[in-house]
Amino acid sequence: ILGLSIAPDGVRVAAIVQTSSGSDVELAAIDSGKPGPGQSANPFQRTSIGPPVQLGPNITNPIALTWYDADNLLVLDGAGDQTSLWEVPVDGQPATQLPGVLPGAISITANNARNALVVGMTQNRMEVSAGFVGPWQPLGNGGQSPAFQPPAIPVPSQS
């Protein structure tokens, strides 16, 4: 699994999975394992994922995904300067390429269709836009990941 996102309703999961022929976007139902009416609860019952179905077969190299609204995913496709953004309906319709993604995008997030899109870029940068076509603006002033700091380089003592 290269990317994973749970739907806003909590009952579906979308993933980018590595297959023998490349990467695919897949969708599956989440089975919470809750007992039905009249059934007793089993403390050992587990949540499971149903059989997946492929979405957006016209996306050739998916690298990141997020839910955009209840029935659509946003998927970044490509690499380096060839990154593109696709809207992927979860009802099996073909994916549609959208305008306006910056070269070098490596991740994307969106809260819902009424909120901003945020794209993670190479070199620890982020860009934000109110819509698919931009304008894209720098978010913050760059920086480093506080959870994964690079190792400190020891400074030789001068005696």
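Report follows, based on the coordinates. As the structure is a prediction and not an experimental result, all values here were calculated from the model.

### A closer look at the pattern of salt bridges
- Counted according to the given criterion, the structure contains three salt bridges.
- In this structure, D71 engages R12 in a salt bridge whose closest nitrogen and oxygen atoms are separated by 3.6 Å. In this pair, D71 sits in the loop between β6 (62-69) and β7 (72-77) while R12 sits in strand β2 (residues 12-19), placing the two residues 59 residues apart along the sequence.
- By relative accessible area, which is 46% here, D71 ends up partly exposed.
- We classify R12 as buried; its relative accessible area is 16%.
- One salt bridge in this structure joins R125 and E127, with 3.4 Å as the shortest N-O distance.
- What makes R125 partly exposed here is its relative accessible area of 33%.

### Some points on the side chain of E26
- One can find E26 in strand β3 (residues 22-31).
- Lacking a salt bridge, the buried E26 has R12 as its closest oppositely charged neighbour, with an N-O distance of 15 Å.
- Apart from residues no more than four positions distant in its own chain, E26 is found in contact with V13, A14, A15, V17, P52, V53, Q54 and L55.

### Some points on the environment of P89
- Within the fold, P89 resides in strand β8 (residues 84-89).
- For the pair P89 and L74, spaced 15 residues apart in sequence, the C-alpha to C-alpha distance is 8.9 Å.
- Not counting residues up to four positions away in its chain, the partners in contact with P89 are L55, D71, N72, P94 and A95.

### What to know about the sheet that holds β8
- Strand order in this open sheet of four strands is β6-β7-β8-β9, and the pairing throughout is antiparallel. Two strands close off the open sheet at either side, each with one partner strand: β6 and β9 (96-98). For this sheet, the mean inter-axis angle between neighbouring strands, taken without regard to orientation, is 30 degrees.
- Pairing of β7 with β8, which is carried by six bridges, proceeds in the antiparallel orientation. For L76, the partnering residue across the bridge sits in β8 and is L85.

Rules behind the numbers
- Residues numbered from 1 in each chain as written.
- Predicted model: local features only at pLDDT ≥ 70, side-chain atom pairs only at ≥ 80, totals over all residues.
- Heavy atoms only, no water.
- Salt bridge = Lys/Arg side-chain N within 4 Å of Asp/Glu carboxyl O.
- Helix = DSSP H or I, 4+ residues; strand = E, 2+ residues; numbered from the N terminus.
- Buried < 20%, exposed > 50% of the residue type's maximum accessible area, 1.4 Å probe, protein only.
- Lys, Arg positive; Asp, Glu negative; His and termini not counted.
- Contact = heavy atoms within 4.5 Å.
- Pairing = 2+ DSSP bridges.
- Axes fitted to C-alpha atoms, helices over the stretch in contact; angles between N-to-C directions.

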